[in-house]
Each structure stands twice: as C-alpha cells, then as structure tokens.
Amino acid sequence: MSLLMGVGAYGVDELVERAENAAEIAEAAKDQVANRADMTRTSTSLVTVSNGPKTFAYATSKNLGWTLGMRLRATAASGYVEGEITAVSPTAVTINVTSTVGSGSYDNWAIGIVGNPGFNWRGAWTAKTYYNKNDGVSYGDPASSWIRNTSGGETEETFDATQWDKFAQGGGVAAGSVGRAELDSDLSALLQELPDTSGYLYVITDSAKQRVLGIRRDGWVDGRFQIEELNIRPNSVNSAAIKSSSVLVNHLAEEVRNKFLGDNNVLLTNLAQDVLSLLLKNFTNDGREQMFTILDAQNQMVFQILTNGQIKGRWDYSQAPIAYSDLQADLQTRFAVDPFDNTYSRYYLVIPDENKNVAFGITKDGWVEGRVRLMDKTVRESMLGDDLLQKVNVAVQPSFKRLNDSNPNDTEVIDDDYWRGVSASVDLKTEVSGYGFARFPSTPVKGLRGFNTTGTTLQFRPSYGLAIHGKRYRGVFNPTSAGLTLSTYKGNYGNAFTNVYPAFPVGAVGDFYVANVSGTATRTANGLTFKNGDLIVQTGSSTFSVQPGPGTGDFQEGDFWNVTANSKYADLSLMNGHRLIYIGVQSASGPKYVQFVPSVAGEFFYMGEVTSNAFAPVVAARQGDIYVFAGSYTAQGIPGVEGDYLIYDGGWGLVPGMVSEFADGTYIMLEADNANRWDVRRKDKSATPVSLSLTTFRTSVRRKPTDNVVLFSDSMFGVATIGTTIVNSLVAGGRVASYFSYGGGTSRDVLAMIKKKIRTESDPFAGNLHVFWHGQNNQTDIVQIKNAALELVPLVGASQKKYVFWSVLGQYTATWNGSRIVIAIHEDAVAGTNHIAQIEQWYTLMFPKRWFCPRQAMLNAALTSSVPHALFPGLAESQVAMTYGIPPHRYFFDYTGKSFTPATLNFVGYQSAAGLPSGGNSNDYYIRVANGTIGQIIVNVAGTWTEYTYDPVHPVNEGGVVLASSFLNFLTTNNL
C-alpha cells in the first residue's frame, strides 16, 4: 500500500517545484507577426497594495493574450501586487493577490505576466536587511534553514521566527569543534585531503576507493547513510523522508512504532508540521471530501476517513466471524429475530429502520438482503444476471457504441489544406423575382471557380450572412377577414390530383381544414367556392364557411405576406407583424398540400426595388424589409448604387453590394470558405431562372478520432528506443500504435512525409492520435517550426482532432566559462532567453495541454536523483537540475558496457592541454575544457586513459526511457 499524500506548507516537494519554476518566463515573448497578442496593459484603476482580489480596468484589447490561471504582476511607483487571474475580459482583469511589495494606493499600474514565485537563497540572516517573501536564509546555532513567509520588509535587530518558516533543521555539532587532532589515529588515516578543485575538504572512502562520507567546501555532508534504531531526532521524520521510502518501520523507536502500529495510533501532537499538513489535507472525489486515504498498488482505495467522521474501506471478516453474543448490548437491540412476529417470516435476523422496514436482513435460506449503497465502479459484468446482461448487450451496448466509437463513415467536411480533398460542383438557380439575388447553398468550400455558361451576364454580391427567406412580396394577409372563429385545425380537404371533394366532415364548431385545389383555379363543392390554401371552417352543427387564405392559390417558394391580425392558419398561430412564408408542399402520393411557416426575428425579406429618387416603401416599413437599388439613387436620404440594399433594421441603412459582373463565357473565381458567402442574379433581372455550376475543392473526414496512435518525428523518435518504448507500451495496453522517424529532416521535411502518406498510401492514419516531434534540425528557424505545426494540425484527419506536439529538446553542447561547464541551450531555456524558450512559450499559448516538453521531463526525473553529475564534480544530478536547469549527463552519455558509472568515477581535474593525461588510478577522470570537444570526459580504465565522445543532439537509452515514461504519463493525465 501507499499513503496518498500531497505536499504540506513549504515541504521539500514544493521547494523543489519552486526552484524548478523560479526561472520560468517572466513575461510572454513578443510575437513576430503583426497581429500578436497583447501581453501587457496599463491601468489607472485606484488599487491598494494588499492581498485578496484586485480588479484593474484598461483600454480595450482586441487580442488579449491572458487566460485564467496565468500569474500577473501589477507594478506601481513604490510596490507591486502579484497573483493568478480569476477573471479576465478585453477591458478588465481580476487577480487574486498573494504576494505584495510596498504599501499604499496607486492609480498608475503596469501589468504583465510573471512566472510562479521562486525560492531565493540569501545566505546567513543579518539584521536590518530587507528581505522579500520566499527569500531563504540560514540562522541559529546550529544553523537551520528558513524561508520568509511575509511580504518584504526590513528585519529587526533580533531574528523574528514568526516571519519565517523552518524547512531544514540544523545539526548538533558546533562549527570547527572537531579537528583532525581530535580523531583517533585510525580514523584520521581514513580522511583524505583533496585539492581545492574537487569541491571537498575531506573524503572517507571504502576499500574500493568509493566515497562513503564526504565533507564539501560549501559545508554539506554527503555519503551513504544507514539509519539505526533510536537515532531519529524529534520531528525529523517528515513527508520527504516518508516519500523517499528511506524511513522503514524498523528505523522507528519503540514508542513511535507503537503509535503507528499499536492501539493508540499516531496523535497529531506526535507529528512534524509538514506531516500534519498532509494528514489534514482534503481530497475531493465525486463531490465528497476525504481527510485521509490509503491506496493499494493499483491506486484503488483501501481505507478512507471522511470529513463527516465516516470510515470506508475494504474489509475481510472471513477469518473471525462475529457472533450475536459478541455484540455489545446497545447493538444487540438493533437486531431483531423474526421482527414481524410472524412464524411464516423468511428472515432469520434483520436490522429494521425507524419505520420497521428491513434495512438489512439474513434470510432463513442463507441469503443477505437490504438496502445497499454501491461504491463507484464496484459492479462488474460478472455480477450481473443473465436477464440484465441481455438488456445491456441488446439495448444499451449498441447505442453506446454508436455514440462513442469512431465510425469511418460518420464524416463531415473540414479544411485540411487540400491534402485529402476532391473536386466537386456547387450549383444554384437564379430567382423568379428577377431583381432578387439567389444564394449558393451552405457548404464548406475552398473558393468557387468555373466558367459562366448561362448565356447571360451574371451579377455577384457578398451575402454578408443576411438570412433572406422572403424572396417575393405578395401583399398583406388578414387571417380574420371573414370574421370566423377558428379553433382546431383538422387537416386538408379535397384532392386536386384525383379531383375528389366529398361532403365536409362534420365535427365541432371552429374545426377548420385547408383546401387543396390545383393552381389558381377555384373549386365549388357543398355550396362553397374556394381556392388553393383557403380554410373551410365549420360555423354551426352542419354549416361551413370560407376564410380566404393568402394569395391567389399559386405559390412559389419564398413567397411571403405581411400578417395584419392575430389568428390561426393551418397548424400555425400567427401574430400581427409576422410574415407568412411559403416553403413548398407536402406530397401525399398525388395531392400536394401547401406548407407555410411564420417568420422569426432576424430574418429579411425582399420587398421590391429602389427605382428613383422618389422612392417610397410599398407598405409601412417592417423590421427586415430589403429594397434593392436598381441604379444610382437616393432613398430615405441614403445614396446607393445598383445592387446595394436599402435595409430596415430598427431604422433605414445601406448594405453595400460591391457587385461583380461576369459576362457569358468568362471565367469566375470567388474567394470563400463557405459557398453561401455569395449571392447571384441575372443582370437583366429576367424572371426566367438560369442554372450556374461552379467547382470547389472539399475534404470530408471522420468526425470522431480513433483510439490508435501514430508518432512522426525527424530522427528523435528513432533514437534511444523512445518511439519503440512508447509504441510497445501502448500496444500492450490494447491500442494500435506505430512511429515514423526521418533522420536529418527539418520541420518541413516531416510535414512533407505526412502529406505523402495521406496522398499515396491510402491515408492509413486518418483520425489517429497524432504525435509530432520536429524542429531539432532547424531549431533556430522558429518561423518554420511554427508554420509547420499549424499546417500539421489539419492533417490529423478527424474533425474532433487529437494531437500532441513535442517541443524542441535542444543540444547538450558544452562550453567552459573558466570555472564550470556551461550547457548554454538548456540553461538559457530555463532563463527564458533563447529560441527554445520562445518555442515552448508559443506552444503554451497555441496548444495548451496539447504539447509535451521533453526538456522539462528530463529535469523532473532528475529532481529526486542522488547520482553524481559527471560534468559537475561534487554535485548530484538533482542539484545541477535545480541550480542550472541542466539534465543528467547520463541521459546523453552512454554508460552501457563501460567499466565505470557516475558513482564510481573519481574526479581529479579539468583537462585543458591537448592529448591525454598520464598516471593516476583506475576510474580517475578529467573533464575536457579546451583543445578538444569541451565536456567530454577522459577516464582511466585499468591504467589506460581514454577520451569518450558523446552525441549532444540525441539522448541515449537511459534518457529515452525517461522521455517515453514521462510521455505515457502525460497521455494518461490528459486522457489521451
């Protein structure tokens, strides 16, 4: 089992995280394109320097680059406030201030992005010194390490522990109290004095010359330690010790062991503060809160204490059954034998509720019954009865599969920049009104092109997204003109196809029917004369009358009438101000019944043309009226030209036509991402429709992605078993996966190979989760990396795209600054000052949670490593990672098959002279700093000096395993 814990206040894990994030990019890099996001703003809001929510208003930003959760700093003349964004809009932002400097209220703020607060070591505490929050000092005798917990300020003459949190307890031996003369001669002989360049004052080695105990020049002691019984100091067993598994049960003193394992358990007063914070931490699950949880090896709950005092867990009673006689008296009263006083009861023992209903019962045939609350995910298929399984398999499973499986036949049109596209036509007919424009149907396109073969000149204008559903104004319609009461629509009357008109159906007063007559003709039946679309209304027990319908009975799609009264028509409820729109007929194997719909807000209607400066609306203006300018005129005080719209939208306005004309036989080319962006009419405005067919390029892909995975890279997935490890793990988990690497390829080269597979290999990976790693060979060409990434996303092959980018790792190339090795690309990336940092920042902004940082994955893996770093003598890999942001040397240098490891190497100096050194012992090594490839190690192997090369571009297997493992965790965490 493992104890599920988080890091308490200023625990070691948080300090590691703070150190790791200390050099994160302080403000977003300026984008290189003209429409870059605004990353800084100024505000004149009057705000006081203090903790809590603060709101800053600023000038409207059309492209603000801030999002929820980002950390901002607002700086004034004499201080600043800092915290995470809790609300943001183009005109204001609210941050929850958790860090401040200075005091007072200000109305002139400069606001920008900052990284997470870091940990700043200031050395020994001194009086009357200004310290900021998160500054670290050493203080005390013996000296302990402290971190500042309050905002900056000048300290007093004496140390005030309330302003600091202790995170490392000092030792118990006074500085300088143990000299070499005080040691026994045999122990003194074990101490080896080392040169200044080693970083150590003294080292004790074992018989194999491996370091057992070392005293470093910076005051730290490192070595191989074994914790014996009774030697753990009070409060020294904290979360870091527990997390690293270095403290075992047999290391605990008897009274501590009893508190963990005995009857009294562990009292809160026995625990260090960071352990206290872990045990009291709330864990949220399905809306409930837990104070404490123990998980098994599969991360499933074994034991849990809820905040309401309840205890949950998996219990095994099989070893010691509880007899009725073993229960306490108060519990025995809760049980009842044959509680219903019925000899025919089937229960042997029950627990009733307050209403005497069975809450829990044991039947006489051995079954257990009751009201049971099941935990999530505890009902498995093997527990279901055959009848329930049948229902699941027959009814539930197929629908679940249809809704959730990736179906290659469930497609939709997308834009993938032509690589999966086909050529297709988009067609229309001009309107019968003549002056009105027809619109191409709505469909995604890559432009429209082709020749005008209609035999007449055509005019094109942008549609502007206007929903023009009324194509021809036919007048007004009063559905109450006959003064009849309309109650219940009963359907259609008559059959124009068979010319049959029977007796009117007798029902209730107010019943009405819609007459079906051919064209504009009238029909007389049962003493009434009516036309197509009129209503036959029952007015008495057996009498009927006609309520005239709209128009003359002959309709064209898009005809409309202005409704002037509230009433019913057919199956519609009409209101004064509506438009009644004819949309077509309902075909019924012969007769065709007219169909209308009422208008809704936001629709527009062609009312006629503006043909002179003396223009007047044909009827009182209504919302949505459109008049088309027939030439250059002024109407309602608004000048317009041919093809412009005079539109009534709360008032009269002009929608420019920007009409383009294409004569018969000329070539047409229209820019569009949807065909409905263009409206067309005949220039001569003839009512005779002509057909136009233009060509486009369109792509259809599956709507949902598959569960398969494909990886594409330059050489990177093909080295250090990175791609193989990821693929093998995914396949073992039941997924289909594969990878392709193209050594030496640039970002454009990787892009080209993916296009090749789409076009010539039957598109085998359409809809897969695509993983892209490119740019290692062109990492300083940031524009190429960005453009390639944006072109890669549409190639995923599903409208619901799943993809992940790996950022550029950067070379492990070493230089020498006179005192230490420098891995500039990695160090500058942490500092946020080079191209790697710019690329990572861009991925963060463009593809949040859709990109993986291999550089950070290597650093994270190193943070818990005590393995010596070969290029930084005396420092462990964790120290180098935290201090300089440099991954372990063994991730790029292959120790496989070597007779030495980082732990067995003995650093003897830096080699600046050409050639190899001489003398020394086996496993001694130098670091090349001049006259050769800087950063190579020169090792004495059994008396022979050898200088070893390494590949600064590609990780070796040990680094590859770290990257593969981290990425698999990334997929799981992000549900990919």
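*Asks:* So what exactly am I meant to see when it comes to the pattern of salt bridges here?
*Replies:* When the charged atoms of two side chains with opposite charge come close together, those side chains can pair. Applying the stated criterion across every chain, the model contains 21 salt bridges. Ionic pairing is found between Glu82 and Arg73, a salt bridge with its closest N-O pair at 2.7 Å. Between Arg735 and Asp707 there is a salt bridge, with its nearest N and O atoms 3.2 Å apart. Taken together, the residues span a long stretch of sequence, with Arg735 in the loop between helix H8 (722-732) and strand E56 (737-741) and Asp707 in the loop between strand E54 (691-702) and strand E55 (709-713) at a distance of 28 residues. Arg735 gets classed as buried once you look at its relative accessible area, which sits at 16%. We classify Asp707 as partly exposed; its relative accessible area is 45%. Connected through shared salt-bridge partners, Arg71, Arg73 and Glu82 make up one network.

*Asks:* Sorry, what's going on with the packing of aromatic side chains here?
*Replies:* Both the distance between ring centres and the angle between the ring planes are used here to describe each pair of aromatic rings. Tallied over the full model, the rule gives 62 aromatic pairs. Seen from their ring centres, Phe437 and Tyr645 are 6.3 Å apart, and the 75° between their planes marks the pair as edge-to-face. One end of the pair, Phe437, is in the loop between strand E28 (422-429) and strand E29 (438-439); the other, Tyr645, is in strand E49 (residues 645-648), with 208 residues separating them in the sequence. Neither residue differs from the other here; Phe437 and Tyr645 are each classed as buried.

*Asks:* Mind showing me how you'd approach empty space enclosed by the protein here?
*Replies:* The method is simple in principle: a probe with the dimensions of a water molecule rolls over the atoms, and the space it marks as empty is what remains. By the definition in use, this model includes 2 cavities of 30 Å³ or more. As a volume, the largest cavity reaches approximately 40 Å³. For the largest cavity, the full set of lining residues is Arg420, Phe712, Ile754, Lys757, Ile758, Asp763, Pro764, Phe765 and His770. If you tally residues by element for the lining of the largest cavity, the top one is helix H9 (residues 747-760), at 3 residues. Taken together, the residues of the lining of the largest cavity sort by class into 5 nonpolar, 1 polar and 3 charged.

*Asks:* I would appreciate a short explanation of the pairing of strand E43 (residues 579-587) in the present structure.
*Replies:* Both faces of the sheet carry side chains from a regular strand, because those side chains alternate between them. Relative to E43, strand E40 (residues 559-563) runs antiparallel, the two sharing 3 bridges. When the bridges of E43 are listed, Phe560 appears paired with Ile581. The pairing of E43 with strand E44 (residues 592-598) spans 7 bridges and is classified as antiparallel. Directly across from Val585, in E44, lies its bridge partner Val594. Linkage of E43 to E44, two consecutive antiparallel strands, is achieved through a turn of 4 residues, within which Ser589 is found at a positive phi near 55°.

*Asks:* Is there a simple way to think about helix H14 (residues 877-884) in this case?
*Replies:* Each full turn of the α-helix corresponds to 3.6 residues, which orients residues three or four apart in the same direction. Taken residue by residue, H14 has Glu877, Ser878, Val880 and Ala881 as its buried positions. Looking straight down H14, one finds its buried side chains confined to an arc of 165°; they lie on one side. On its buried face, H14 is in contact with helix H13 (854-862). A positive backbone phi angle near 75° is found at Gly885, which sits one or two residues after H14.

*Asks:* In this structure, what is going on with the packing of H13 against helix H15 (residues 957-973)? I would like to understand it.
*Replies:* When two helices pack together, their arrangement is given by the angle between the helix axes and the distance between those axes. Remark: H13 packs on H15, axes separated minimally by 9 Å, with the N-to-C direction vectors making an angle of 105°. As far as their axial angle goes, H15 and H13 are roughly perpendicular. Residue-level contacts link Pro854, Ala857, Met858 and Ala861 of H13 to Gly959, Val962, Leu963 and Ser966 of H15. Residue composition of the contact of H13 with H15, grouped by class: 6 nonpolar, 2 polar and no charged.

Rules and cut-offs
Residues numbered from 1 in each chain as written. Predicted model: local features only at pLDDT ≥ 70, side-chain atom pairs only at ≥ 80, totals over all residues. Heavy atoms only, no water. Salt bridge = Lys/Arg side-chain N within 4 Å of Asp/Glu carboxyl O. Helix = DSSP H or I, 4+ residues; strand = E, 2+ residues; numbered from the N terminus. Buried < 20%, exposed > 50% of the residue type's maximum accessible area, 1.4 Å probe, protein only. Phe/Tyr/Trp six-rings, centres within 6.5 Å; stacked < 30°, edge-to-face > 60°. 1 Å grid on protein atoms, 1.4 Å probe; cavity = no way out; pocket = protein on both sides within 12 Å on 5 of 7 lines; lining within 4 Å. Points joined across faces, edges and corners; volume = space filled by probe spheres on them. Nonpolar A, V, L, I, M, F, W, Y, C, P; charged D, E, K, R; others polar. Pairing = 2+ DSSP bridges. Arc of directions from axis to C-beta. Contact = heavy atoms within 4.5 Å. Axes fitted to C-alpha atoms, helices over the stretch in contact; angles between N-to-C directions. Parallel < 35°, antiparallel > 145°, perpendicular 65-115°, else oblique.

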